[in-house]
Amino acid sequence: MKKLCQVLLTLLFVCLVPLVVNAQSFRVQCPTSTITHPVAATSEPAYTGPTYTGTSGYPTAPAHVNGAIKCQQISGGDGYATMGDGTQTYLFSFGPLSGLTKIANGQPGTDFPYEFNTVYGGPTLQPGDPATADGAVSGPNPLSTFPYNGAVGLVPDLDCLSDPVCRATIPSSGLDGHVDPRQMLDVGVMNGNIPAPLIAIDEDDELFLTLSNVGMVMRPDLFEQHTVHFHGYPNASSFYDGVPDASVAINIGGSFTYYYLAPDAGTYFWHCHITPPEHLQMGMVGQLYVRPRQNRVPVNGSLYGAIRTRLRRVHWQRCHPMAPCTIRSRCLQSSTARQGKRRSCAFLTWMFRNIRRWPRSGFR
Ligand SMILES: [Cu+2]
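Residues numbered from 1 in each chain as written. Predicted model: local features only at pLDDT ≥ 70, side-chain atom pairs only at ≥ 80, totals over all residues.

Section: the overall build of the protein chain
When helices and strands are tallied, the protein chain shows twelve helices and eight strands. Burial status across the protein chain gives 31% buried among its 364 residues. When contacts within the protein chain are restricted to residue pairs at least 6 apart in sequence, those whose partners lie at least 24 apart make up 68%. (Helix = DSSP H or I, 4+ residues; strand = E, 2+ residues; numbered from the N terminus. Buried ≥ 20, exposed ≤ 12 C-beta atoms within 10 Å, placed from the backbone. Contact = placed C-beta atoms within 7 Å.)

Some details on helix 7 (residues 181-188)
With six of eight residues buried, helix 7 lies mostly within the body of the structure. Looking at helix 7, one finds that the buried residues are Q183, M184, L185, D186, V187 and G188. Looking at the buried positions of helix 7, the neighbouring elements they touch are strand 1 (69-82), strand 2 (88-96) and strand 4 (206-215). Positive backbone phi, at 55 degrees, marks M190, one or two positions downstream of helix 7.

Concerning the pairing of strand 4
Judged by how many residues are buried, strand 4 sits mostly within the fold: ten of ten residues are covered. As judged from the nine bridges shared by strand 1 and strand 4, these two strands associate in the parallel manner. Note on strand 4: the bridge partner recorded for C71 is F208. (Pairing = 2+ DSSP bridges.)

Thoughts on unusual backbone geometry
That bond from I194 to P195 is cis: its omega, 0 degrees, falls within 30 degrees of zero. Its identity as a non-glycine residue notwithstanding, M190 has a phi of 55 degrees, on the positive side. Within the fold, M190 resides in the loop between helix 7 and strand 3 (196-202). Classification of M190 by C-beta neighbours within 10 Å gives partly exposed; the count is 18.

Brief notes about the sheet that holds strand 1
Read across the sheet, four strands follow the order 2-1-4-6 without closing on themselves; strand pairing throughout is mixed. Only two strands of the sheet have a single partner each, and these edge strands are strand 2 and strand 6 (255-261). Taking the axes of each pair of neighbouring strands and ignoring which way they run, one obtains an average angle of 20 degrees across the sheet. Helix 7 contacts strand 1, strand 2 and strand 4 of the sheet and is inclined by roughly 80 degrees relative to strand 4. (Axes fitted to C-alpha atoms, helices over the stretch in contact; angles between N-to-C directions.)

Brief notes about the nonpolar core
Among the nonpolar cores identified, the biggest contains 50 residues, and A151, M184, L209, L211, Y258, Y260 and M284 are the most heavily contacted of them. For this core, the secondary structure elements donating two or more residues are strand 1, strand 2, helix 7, strand 3, strand 4, strand 6 and strand 8 (285-291). (Core = buried A, V, L, I, M, F, W, Y, C linked by C-beta atoms within 7 Å.)

Side note on the pairing of strand 7 (residues 266-271)
Here strand 5 (residues 229-231) runs beside strand 7; their pairing, made up of three bridges, is antiparallel. Across the sheet, H231 pairs through a bridge with F269, a residue of strand 7.

Considering the confidence of the model for the protein chain
Per-chain confidence: the protein chain averages 80 in pLDDT, with 72% of residues scoring 70 or above. The low-confidence segment residues 324-338 (pLDDT under 50) makes 21 contacts with residues lying over four places distant or belonging to another chain. (pLDDT = per-residue confidence, 0-100.)

Thoughts on the sheet that holds strand 7
Read from one edge to the other, the open sheet built from four strands follows the order 3-8-7-5, with strand pairing classed as mixed. Pairing within the sheet leaves two strands with one partner each, and these edge strands are strand 3 and strand 5. For this sheet, the mean angle separating the axes of adjacent strands, direction not counted, is 30 degrees.

Some points on the environment of Y47
Note on placement: Y47 falls in the loop between helix 1 (2-23) and strand 1. Considering only alpha carbons, one finds Y47 and P298, 251 residues apart in sequence, at a separation of 7.0 Å.

Some points on the environment of Q72
Mapped onto the fold, Q72 is located in strand 1. Apart from residues lying up to four places away in sequence, Q72 is in contact with S98, G99, G109, T110, D111, I199 and L209.

Re the environment of V285
Here V285 shows up in strand 8. Not counting chain neighbours up to four residues away, the residues in contact with V285 comprise P195, A196, F269, H271 and L280.

Pasting the structure below:
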């Protein structure tokens, strides 16, 4: 019996190997809707109220749709940089594989789904695009011949479209994330940017960031993986942290789509976390902007008013120690409410009436 188990286990592992190998291929992902963003936005909606107002997990639909779905694709590869004294220095780097025209114009390459899920309509993409197609001319509008911001390599999945069963599971356009790897390698190899492509999202956004490892063409003896780590930024899940010991790392010839929420506004940086002193210092580091929610408060609107409303709804009226006693008593599971219980209701009422005098730092 023991022998049989050993044989079966070995067989199982042998069967799993091609599965793992098969899982390594280029692919992009940019959904047009999620639970939090049921309808694909083409611009950043104004902030009108909290996304979720309940206190027991996420309902199926948000109370207010805030932010949008954003997508971006980057390559991980290698190459040489010419130093000031002419020295050629070998580097690892991330390069742009979406938003090419925007990046060439000095903007972030982060796209809305309608921009990202666009098939390139011009002649076949060439190495070095957009500069190649554009002729690398300078002038007031150097990229007039290359207006493309979509995901490099994205093409309809013809195999799936030709199969009635498979076709029923994908959009009629055939765009299910299937890519033409040749175009990705043509554009992604030896096209690293230092610093890495800028990622700019808005607070409340959902970001789908695809990393495609195009390999080390200048050092074929290497077979390095790459990851994306949002430095000092909270993850939607540790699965997307990019620390290879605790999450996934992307092999050569493979893509992986990271999923991020944008809970904190600010300026951060992101980098590859494979042997970080090596890959990071060799050039795999870029900037991350998370634009604050206050940018989207309607004209003449007040962010303070919006936040105050939210605090009153979610915390204040329910669980805050300074909330009226009858409501607070429903929230005894909250530690702040337990502390607050020691205070007298008369004192709480006094505080509630004098709310405007309390420092804002007291509310969290
Ligand atoms: Cu790396």
